[in-house]
Amino acid sequence: MLRDDALVRTGATFRLSGDHGGSAAYVTRLLDLEPSSAFEVGDRVGHRSRAIRRVSLWLLSSDLPPGGELADHLHWLLDRLEPKADTLWQLANQGYTADWFCLAASDPTEHAIELDRPLLRRLLAMPGVCSWTSWAMTTDINVRSYR
């Protein structure tokens, strides 16, 4: 349960990457699902960067507001991806790397992340590993300088 005044940012993204000659466009066609973002081998990493991508990347991110529960973001993704589980396993067997990238950030008062057994079973039936990143958000940073 979230406090009304708590700062929490959560999100989840399912990612498919390929360094074996596969492409994000191929993933989109095969899944018949538009990604949130997609990048191809040879694309620039950023507008200002000279670095070139060495892998293709297909991303589907939860479309939920970033202040809810992480479990809700994962359910959102699973609701869209579970019907395509066989195709996702096919892509994994073709050499694409799958992962579930999860974010949880909260203010210093703490926020526990809960994933129940049914959600974990759903995730286990899909390809990919889960990776988590978390950090503390601060609402008031007080920096003092001493001489």
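Everything numeric in this text was worked out from a predicted model, so none of it was measured.

> I'd like to hear about the overall build of the protein chain, residue by residue, with values.
Across its full length, the protein chain carries 4 helices and 5 strands. Start at the N end of the protein chain and walk to the C end: the helices and strands fall as β-α-β-β-α-α-β-α-β. A total of 147 residues make up the protein chain; the buried ones form 35% of that total. By sequence separation, contacts in the protein chain at least 24 residues apart represent 75% of the contacts at least 6 residues apart. When the accessible surface of the protein chain is totalled, it reaches about 9600 Å², and 50% of it is carbon and sulfur.

> A description of the nonpolar core should follow, citing residues and the corresponding values.
Grouped together as the largest cluster of nonpolar side chains are 26 residues, with contacts concentrated most on Leu16, Trp58, Leu81 and Trp100. Looking at this core, the elements that each hand over two or more residues are β1 (8-18), α1 (24-31), β3 (56-61), α2 (70-81), α3 (85-93), β4 (97-106) and α4 (117-124). The biggest single contributor to this core is α2, with 7 residues. When sequence neighbours within four positions are dropped, the list of residues in contact with Leu16 reads Val27, Leu31, Ser56, Leu57, Trp58, Leu88, Leu91, Tyr96, Thr97 and Ala98.

> Explain the pairing of β1 to me, and be specific about the residues and the numbers.
Most of β1 sits inside the fold, with 8 of its 11 residues counted as buried. Examined bridge by bridge, β1 and β3 share 6 bridges and lie antiparallel to one another. Along β3, the bridge assignment pairs Phe14 with Leu60.

> Would you mind going over the side chain of Ser56 in detail, with residue names and values included?
Position of Ser56 relative to the elements: it lies in strand β3. The exposure class of Ser56 is buried, given its relative accessible area of 1%. Side-chain polar atoms of Ser56 contact the backbone oxygen of Gly22, separated by 3.4 Å. Once residues within four sequence positions are removed from consideration, Ser56 is found in contact with Leu16, Ser17, Gly18, Gly22, Ser23, Ala24, Phe39, Glu40, Val41 and Tyr96.

> Describe the packing of α1 against α3, and please don't skip the residues or the numbers.
Contact geometry of α1 with α3 gives a least axis separation of 10 Å together with a crossing angle of 150°. Between α1 and α3, the angle is such that the two are roughly antiparallel. Helix-helix and strand crossings are classified by hand; for α1 and α3 the assignment is right-handed. Judged by residue contacts, Tyr26, Val27, Leu30 and Leu31 of α1 engage Thr87, Leu88, Gln90 and Leu91 from α3.

> How would you explain the environment of Asp63 if you had to name every residue and give the values?
Mapped onto the elements of the fold, Asp63 is located in the loop between β3 and α2. Separated by 10 residues in the primary sequence, Asp63 and His73 place their C-alpha atoms 7.8 Å from one another.

> I'd like a description of the packing of aromatic side chains, backed by residues and values.
Counted by the stated rule, this structure contains 2 aromatic pairs. Centroid distance Tyr26 to Tyr96: 6.5 Å. Interplanar angle 15°. Geometry classified as stacked. Residue Tyr26 is found in helix α1, and its partner Tyr96 is found in the loop between α3 and β4; the two are separated by 70 residues along the sequence. Given the relative accessible area of 26%, Tyr26 is considered partly exposed. Over the ring of Phe39 we find Arg53, and its NZ or CZ is 4.1 Å from the ring centre. Its end group placed over the ring of Trp76, Arg80 keeps NZ or CZ at 3.7 Å from the ring centre.

Reading guide: rules and limits
- Residues numbered from 1 in each chain as written.
- Predicted model: local features only at pLDDT ≥ 70, side-chain atom pairs only at ≥ 80, totals over all residues.
- Heavy atoms only, no water.
- Helix = DSSP H or I, 4+ residues; strand = E, 2+ residues; numbered from the N terminus.
- Buried < 20%, exposed > 50% of the residue type's maximum accessible area, 1.4 Å probe, protein only.
- Contact = heavy atoms within 4.5 Å.
- Areas by Shrake-Rupley, 256 points an atom, 1.4 Å probe, with all protein chains shown as cover.
- Core = buried A, V, L, I, M, F, W, Y, C linked by side-chain atoms within 4.5 Å.
- Pairing = 2+ DSSP bridges.
- Polar contact = N/O pair within 3.5 Å; in protein donor to acceptor, adjacent residues only side chain to side chain.
- Axes fitted to C-alpha atoms, helices over the stretch in contact; angles between N-to-C directions.
- Parallel < 35°, antiparallel > 145°, perpendicular 65-115°, else oblique.
- Left-handed = near helix turned anticlockwise from the far one by under 90°.
- Phe/Tyr/Trp six-rings, centres within 6.5 Å; stacked < 30°, edge-to-face > 60°.
- Lys NZ or Arg CZ within 6 Å of the ring centre and 35° of its normal.

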